[in-house]
Structures are given as C-alpha cells and as structure tokens.
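# Inside the fold
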Amino acid sequence: MTTGVPLSTAPRRRSRARTFLPLAVAAWLILEIWLLSLVAGAAGGLTVAALLAGGIVLGAVVIKRAGRRAFKNLANTFQQAQQGQQPAPQQPGGGNGLTMLAGLLLMLPGLLSDAVGLLLLVPPVRAWTGRRLSGSLERKMAAAPAGSFGDAFQQARIHHPDGKVVQGEVIREDGQQPPQQPGPDAGYRPPLAP
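This one's a predicted model, so the numbers in the text were calculated from it and none came from an experiment.

### What about the overall build of the protein chain?
Along the backbone of the protein chain there are six helices and zero strands. Overall, the protein chain shows an N-to-C arrangement of helices and strands of α-α-α-α-α-α. Among the 194 residues that make up the protein chain, the fraction classed as buried is 13%. Contacts in the protein chain between residues at least 24 apart in sequence constitute 57% of all its contacts with a sequence separation of at least 6. Total accessible area computed for the protein chain in this model is approximately 15900 Å², and 65% of it derives from carbon and sulfur atoms.

### Points about a positive patch on the surface
A cluster of basic side chains, namely R13, R16, R132, R139 and K140, defines a positive patch on the protein surface. Looking at the positive patch, the element that brings in the most residues is helix α5 (residues 123-142), giving three residues. Topologically, R13 is positioned in the segment before α1 (16-43).

### Things to note about the side chain of S113
Position of S113 among the secondary structure elements: in helix α4 (residues 111-120). Its relative accessible area of 1% is what places S113 among the buried residues. Excluding residues that lie within four positions of it along the chain, S113 makes contacts with W28, E32, L105, L106 and L108.

### Thoughts on the side chain of T129
Along the chain, T129 turns up in helix α5. Ignoring any residue separated from it by four or fewer positions in sequence, one finds T129 in contact with L98 and L120.

### Side note on a nonpolar patch on the surface
A contiguous nonpolar surface patch, about 380 Å² in accessible area, is contributed by L21, V25, W28 and L29. Inspection of the secondary structure puts V25 in helix α1. Since its relative accessible area comes to 44%, V25 is described here as partly exposed.

### Some details on α4
Each turn of an α-helix holds 3.6 residues, which means side chains three or four residues apart point in the same direction. Taken residue by residue, α4 has L111, S113, D114, G117 and L120 as its buried positions. In this structure, the buried side of α4 is in contact with α1, α2 (45-82), α3 (96-107) and α5.

### Brief notes about the packing of α1 against α4
Geometry of a packed helix pair, given as the angle between the helix axes and the separation of the axes. The interhelical angle for the contact between α1 and α4, taken along N-to-C directions, is 100°, at an axis separation of 7 Å. When the interaxial angle is binned, α1 and α4 end up roughly perpendicular. Contact with α1, carried on its side by W28, L31, E32, L35, L36 and V39, involves L111, L112, S113 and V116 of α4 and no other residues of that element. Grouping the amino acids of the contact of α1 with α4 by side-chain chemistry returns eight nonpolar, one polar and one charged.

### Description of α1
The end-to-end C-alpha distance of α1, which contains 28 residues, comes to 39 Å, matching closely the 40 Å that a straight helix rising 1.5 Å per residue would cover. One or two positions beyond α1, positive phi appears at G44, with a value near 105°.

### What about the packing of α1 against α2?
At a minimum axis separation of 7 Å, α1 and α2 run at an interaxial angle of 130°. As summarised for this structure, α1 and α2 are arranged oblique, according to the angle between their axes. Only G45, T47, V48, L51 and L52 of α2 make contact with α1, whose side of the interface consists of L36, V39, A40 and A43. Of the residues that constitute the contact of α1 with α2, the class distribution is seven nonpolar, two polar and no charged.

The rules behind each value
- Residues numbered from 1 in each chain as written.
- Predicted model: local features only at pLDDT ≥ 70, side-chain atom pairs only at ≥ 80, totals over all residues.
- Heavy atoms only, no water.
- Helix = DSSP H or I, 4+ residues; strand = E, 2+ residues; numbered from the N terminus.
- Buried < 20%, exposed > 50% of the residue type's maximum accessible area, 1.4 Å probe, protein only.
- Contact = heavy atoms within 4.5 Å.
- Areas by Shrake-Rupley, 256 points an atom, 1.4 Å probe, with all protein chains shown as cover.
- Patch = residues over 30% accessible without salt bridge, like charges linked within 9 Å, V, L, I, M, F, W, Y side chains within 5 Å.
- Salt bridge = Lys/Arg side-chain N within 4 Å of Asp/Glu carboxyl O.
- Lys, Arg positive; Asp, Glu negative; His and termini not counted.
- Charge placed at Lys NZ, Arg CZ, Asp CG, Glu CD.
- Axes fitted to C-alpha atoms, helices over the stretch in contact; angles between N-to-C directions.
- Parallel < 35°, antiparallel > 145°, perpendicular 65-115°, else oblique.
- Nonpolar A, V, L, I, M, F, W, Y, C, P; charged D, E, K, R; others polar.
- Expected span 1.5 Å × (residues − 1).

The structure is reproduced here in structure tokens:
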C-alpha cells in the first residue's frame, strides 16, 4: 500500500537528554557512594546508617504533609466549584509537586540527594525552581508541532473566560455529515445544559 509519503531511511537524531541522562545518573550514583564512604570513614558506619534512616523518615514526613495539603487544596477547589464560585488560581512556582520531589530526594539513600532535597524545602529556592520549570515547560509546549502530544496538552489548557463549556455538534453548511463512528455511544448526544 503506497501512501505517497516518502519514508526516510536516515537514522533519527538522538536527543541530548537521551544521550547524557544515563551518564549523569551513573555519575550521581558514583558520587553518592563516594560521599557515603567518606562519611563512613570519618564518622563511622553507625553515623551513616543514622543519616540514611533520618533522611528516609524526614522524606516520608515531607511527602505526607505535601500530600495532605494537595488533597485539602483539591477538596477546597471542588467545594468552590459546587458553590458556583471561581476556584482560586494556583500559585506558579510553588506548590506541592516540588515539595513531594524534595521528600522523594530525602528518602533516596545518599547525602547529595539529601542536600538537594533540603534545598528544595527552602521556600525561595522552591519558588525559583518552580518558575524556571514552568517557564521551560511553557516554551516546550508552545514549540510543539501540530498534532503532537504537546499540541493536545496546549489545546486542553485553553482558558474559557466565563468557565462555561457548551456541548453541541457542528453542522457543515455544504450538507455533508461526517461519517458516524460505530460503537456503543454512536447515537448518543448529551443534552444541552443551561
């Protein structure tokens, strides 16, 4: 079957992230092991075990607290929506995602990951990191080609000023109707809601 589109036989160019991520993870692991062996040599194995256990406990507490806060924010948003109020917009650059990441980094065994996790718990550092990450994500989504996952994500984020979505159907003026998709919901049309 010929589609008229020439197939390229040239190999796809590998992204920088796919090239350097395995090297960065390997370097991170080697550095973590080296730091743990330095601390074990200077302070003893019991101290290293206590540091690792303390990191796991602190990380679990941080993740639990951030999860509760996220659930509370979600419940408040649903409650405001049920009362007909416009939910308050989320603050960019902060939030529970980076706090949970900090807790996860604290739970990972290693001193370097603990240091990065503790840095992410500092509010100005977390806000700066959140702004940088959201700006980077916005640029990547804006540059997404049409028809890609990024384009679909961008379309899903379109803001409706009044918050109302009217369901309906498109009727073409030339009289042609699009072919109906076979399936259990082929004839179902949701009612128009006020």
